[in-house]
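Okay, here's what each chain looks like letter by letter:
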Amino acid sequence: MDNSQNSHANKHLIIIWYSRTGTSQALAEAAFAAASQHQGLQAHLVNAVEAQPDDMMAADGYIFICPENLAAIAGGMKEFFDRCYYPLLQHIEGRPYAALIAAGSDGENALKQLERIATGWRLKKVMENIIIRTNAQTKEAIWAQKTLRQDQLDHATTIGSTLAAGLVMGIF
């Protein structure tokens, strides 16, 4: 895991993200910044392309952030789940998670896919997962780098802070 904060922490939160146009990365960075404010927690921001089962085993909780592409989880995040699913099966049960999906106008199918994977791992959803819609509808808008509004980033901040506080307080 990289990008660690608070080296004396005893709880670990990992934020696994994948992004093509910057939306999911901005959400991940906002969640990481909020989580990193909590004493007693070590936050890790890891790109899904680099994330390994050992990263997940070392964490007490998870935030997954990715875009929806063609009505599904984006390829980089799907590859992470494919690579890590079976090595982690029956080893991370009961750990808390939350998720954010970046989408143009829908995002529901990608969220359902992610939630089914988390259910297979027997993770505990501790807050409502959120879809951030950018309303990108044309090829140019879909592929363009995006800048999120503060209210959209606030969802990621809330998820990062809530999951971190719950881990530190022993609620999750």
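These numbers come from a predicted model, not from an experiment.

**Remarks on the environment of Glu 115**
Inference 1: Among the secondary structure elements, Glu 115 is positioned in helix α4 (residues 108-121).
Inference 2: As for Glu 115 and Ala 98, which are separated by 17 residues in sequence, their C-alpha atoms are 9.2 Å apart.
Inference 3: When sequence neighbours within four positions are dropped, the list of residues in contact with Glu 115 reads Tyr 97, Lys 125 and Asn 129.

**Regarding unusual backbone geometry**
Keep in mind that most residues, glycine aside, have a negative phi and that most peptide bonds are trans.
Inference 1: Non-glycine residue Leu 70 carries a positive phi angle of around 55°.
Inference 2: You can see Leu 70 is positioned in the loop between β3 (61-69) and β4 (72-73).
Inference 3: Here Leu 70 falls in the exposed class, since its relative accessible area comes to 87%.
Inference 4: Backbone geometry places Gln 90, a non-glycine residue, at a positive phi of 70°.
Inference 5: In this fold, Gln 90 is placed in the loop between α3 (75-88) and β5 (96-103).
Inference 6: Classification of Gln 90 by relative accessible area gives exposed; the value is 65%.

**What to know about the pairing of strand β1 (residues 11-17)**
Inference 1: Within β1, six of the seven residues are buried, which leaves it mostly tucked inside the rest of the structure.
Inference 2: Strand direction decides the pairing type here: β1 and strand β2 (residues 41-47), joined by seven bridges, are parallel. Within the sheet, the bridge partner assigned to Ile 14 lies in β2 and is His 44.
Inference 3: What joins β1 to β2 is helix α1 (residues 23-35), and the crossover it makes is right-handed.

**Quick look at the nonpolar core**
Inference 1: Ile 16, Met 56, Phe 64, Met 77, Phe 80 and Trp 121 are the most contacted members of the largest nonpolar core, which has 32 residues in total.
Inference 2: Of all elements in the fold, only β1, β3, α3, β5 and α4 reach the threshold of two or more residues within this core.
Inference 3: Non-local contacts of Trp 121, meaning those with residues more than four positions away in its chain, are made with Met 56, Phe 64, Phe 80, Phe 81, Cys 84, Tyr 85, Leu 88, Leu 89, Ile 92 and Glu 93.

**Examining α4**
Inference 1: For α4, with 14 residues, the first-to-last C-alpha span of 20 Å sits near the 20 Å given by 1.5 Å per residue.
Inference 2: Among all positions of α4, only Ala 110, Leu 111, Leu 114, Glu 115, Ile 117, Ala 118, Gly 120 and Trp 121 are buried.
Inference 3: Phi turns positive, to about 65°, at Arg 122, one or two residues after α4.

**As for the packing of α1 against helix α6 (residues 150-169)**
How two helices pack is summed up by the angle between their axes together with the distance between the axes.
Inference 1: At their nearest, the axes of α1 and α6 sit 7 Å apart, and the two run at 40° to each other. It follows that α1 is oblique to α6 by the angle criterion. The chirality of how α1 crosses α6 is right-handed. Where α1 approaches α6, its residues Ala 26, Leu 27, Ala 30, Ala 31, Ala 34 and Ala 35 are matched on the opposing element by Gln 152, Leu 153, Ala 156, Thr 157, Gly 160, Ser 161 and Ala 164.

Rules behind the numbers
Residues numbered from 1 in each chain as written. Predicted model: local features only at pLDDT ≥ 70, side-chain atom pairs only at ≥ 80, totals over all residues. Heavy atoms only, no water. Helix = DSSP H or I, 4+ residues; strand = E, 2+ residues; numbered from the N terminus. Contact = heavy atoms within 4.5 Å. Buried < 20%, exposed > 50% of the residue type's maximum accessible area, 1.4 Å probe, protein only. Pairing = 2+ DSSP bridges. Right-handed = clockwise from strand over helix to strand, strands pointing away. Core = buried A, V, L, I, M, F, W, Y, C linked by side-chain atoms within 4.5 Å. Expected span 1.5 Å × (residues − 1). Axes fitted to C-alpha atoms, helices over the stretch in contact; angles between N-to-C directions. Parallel < 35°, antiparallel > 145°, perpendicular 65-115°, else oblique. Left-handed = near helix turned anticlockwise from the far one by under 90°.

Such coordinate-based values are descriptive only and should not be taken to indicate function.
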